[in-house]
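Understanding the architecture of this molecule
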Amino acid sequence: MIRKKDLKNPIVCIVAMNQNRVIGDGNDLLWHLPGDLKRLKIITMGTPLIMGRKTWDSIGRPLPGRASIVMTKSVSWKAEGAIVANSFENAITEANIWIEANKKMGNKAIQNKIFLFGGAQIYEIGLEYCNTIEMTKVNFCAVSGSKFPRLKENDWKKTKLEDFEATSNSPEFSYWHYSRIIQR
Ligand SMILES: NC(=O)c1ccc[n+]([C@@H]2O[C@H](COP(=O)([O-])OP(=O)(O)OC[C@H]3O[C@@H](n4cnc5c(N)ncnc54)[C@H](OP(=O)(O)O)[C@@H]3O)[C@@H](O)[C@H]2O)c1
């Protein structure tokens, strides 16, 4: 059991979803957004990312400059470059250890935060521990697939950061910062 007051480093959620809260088809993302992966890299650089084993499979490699903490129920699963966690508590512990170890080594790029990286099963488990969501809203037609949990709208202060029009290659999308009104 994680007590919120015991969290050493804040957990920030990062997600891209459509108007129906769809985040992917279960194996991969459904869209390609210009600049979005670059932005995700800048925001998450120097942090541990907590992701589900299916999201790890869809990426297929560790993301450079960050820790890939992969949640699986399997006690034998392993992959090069992945830190395995069999529970959310275990993932948080590994994330805190990684931050401390990298700071001790003098890595100036390390941020004191942990990212809840998805997919749907991992958002479902970890969202209650997040006071912040970095959200990309994508205007994309899909009703089924892996979905982000339904948010209690009144719990969040929402700030739109940037808007992008659709192009011939990509749908319309926007960046939002969500902040929990009553912080946990
Ligand atoms: N748009 C976005 O921002 C975004 C971000 C991330 C992912 N995605 C998309 O989301 C989809 C994948 O999401 P998903 O929900 O199907 O899978 P997921 O959350 O990435 O991974 C699910 C796996 O996590 C492990 N797991 C779940 N609960 C656990 C627990 N309590 N303890 C330990 N391990 C646990 C299990 O692995 P085992 O089966 O190995 O036990 C489970 O199969 C893909 O389409 C991906 O592209 C989108």
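Just above sits the structure.
Now for a quick tour of the structure. Remember, it's a predicted structure, so these values are computed and weren't measured experimentally. (Residues numbered from 1 in each chain as written. Predicted model: local features only at pLDDT ≥ 70, side-chain atom pairs only at ≥ 80, totals over all residues. Heavy atoms only, no water.)

Section: the sheet that holds strand 7 (residues 130–138)
So the rule is basically this: When DSSP finds two or more bridges between a pair of strands, those strands are recorded as paired. Going along the chain from the N terminus, every DSSP run of H or I of four or more residues is numbered as a helix, and every run of E of two or more is numbered as a strand. Helix axes use the C-alpha atoms of the stretch in contact, all axes being lines fitted to C-alpha atoms, and the angles between their N-to-C directions lie in the range 0 to 180 degrees.
With respect to topology, 8 strands assemble into an open sheet ordered 5-4-3-6-1-7-10-9, the strand pairing being mixed. Only two strands of the sheet have a single partner each, and these edge strands are strand 5 (82–85) and strand 9 (156–164). This sheet shows a mean twist of 25° between the axes of neighbouring strands, independent of strand direction. Note: strand 9 against strand 10 (residues 173–180), 8 bridges, orientation antiparallel. Paired with Glu162 across the two strands is Tyr175, which belongs to strand 10.

With respect to the layout of surface pockets
Stated precisely, the cut-off is as follows: For cavity detection a 1 Å grid was placed over the protein atoms alone, and a set of points counts as a cavity when a 1.4 Å probe fits there but cannot get out; an open set counts as a pocket when protein lies on both sides within 12 Å along at least five of seven lines, with lining residues being those that have an atom within 4 Å of a point. Grid points are joined across faces, edges and corners, and a volume is the space filled by probe spheres set on the points. Following the grouping adopted for this structure description, the nonpolar residues are Ala, Val, Leu, Ile, Met, Phe, Trp, Tyr, Cys and Pro, the charged ones are Asp, Glu, Lys and Arg, and the polar ones are all others, Gly among them.
Looking at the largest pocket, its volume works out to about 1200 Å³. As for the largest pocket, its lining consists of 43 residues, and the residues nearest its centre are Thr55, Ser58, Phe117, Gly118 and Gly119. Of all the elements in the fold, those that place two or more residues in the lining of the largest pocket are strand 1 (11–18), strand 2 (22–24), helix 1 (36–44), helix 2 (53–59), strand 6 (114–118), helix 4 (120–126) and strand 7. For the lining of the largest pocket, the residue count by class is 18 nonpolar, 14 polar and 11 charged. Its volume calculated, the second largest pocket comes out at about 280 Å³. Considering the residues around the second largest pocket, the lining is formed by 17 residues, among which Met17, Asn18, Gln19, Met135 and Lys137 are closest to the centre. Breaking the lining of the second largest pocket down by element, the ones donating at least two residues are strand 1, strand 7 and strand 10. Partitioning the lining of the second largest pocket into residue classes produces 7 nonpolar, 4 polar and 6 charged.

A closer look at the site of the ligand
Formally: Here, proximity means that at least one heavy atom of the residue falls within 4 Å of the molecule or strand. As used in this structure description, the phrase polar contact means that two N or O atoms lie within 3.5 Å; if the pair is within protein, one of them must be able to donate a hydrogen and the other to accept it, and residues adjacent in sequence are counted only when both atoms belong to side chains. To be clear on the numbers: accessible area is Shrake-Rupley with a 1.4 Å probe, and residue cover counts the displayed protein chains and nothing else. Just a note on the criterion: a molecule sits in a pocket or cavity if more than half of its atoms are within 2 Å of the grid points.
Taken together, 28 residues lie around the ligand, and Ala16, Arg53, Thr55, Thr72 and Lys73 are the ones closest in. Here a nitrogen atom of the ligand sits 3.0 Å away from a polar atom, N or O, in the main chain of Ile23. One of the backbone N or O atoms of Leu29 is found 3.4 Å from an oxygen atom in the ligand. Burial of the ligand by the protein amounts to 86% of the accessible area it has alone, namely 930 Å². Of the pockets mapped on this structure, the ligand occupies the largest pocket. Only strand 1, strand 2, helix 2, strand 6 and helix 4 provide two or more residues apiece to the shell around the ligand. Here the element with the most residues in the shell around the ligand is helix 4; it accounts for 5 residues. Here the shell around the ligand is built from residues that sort into 10 nonpolar, 13 polar and 5 charged.

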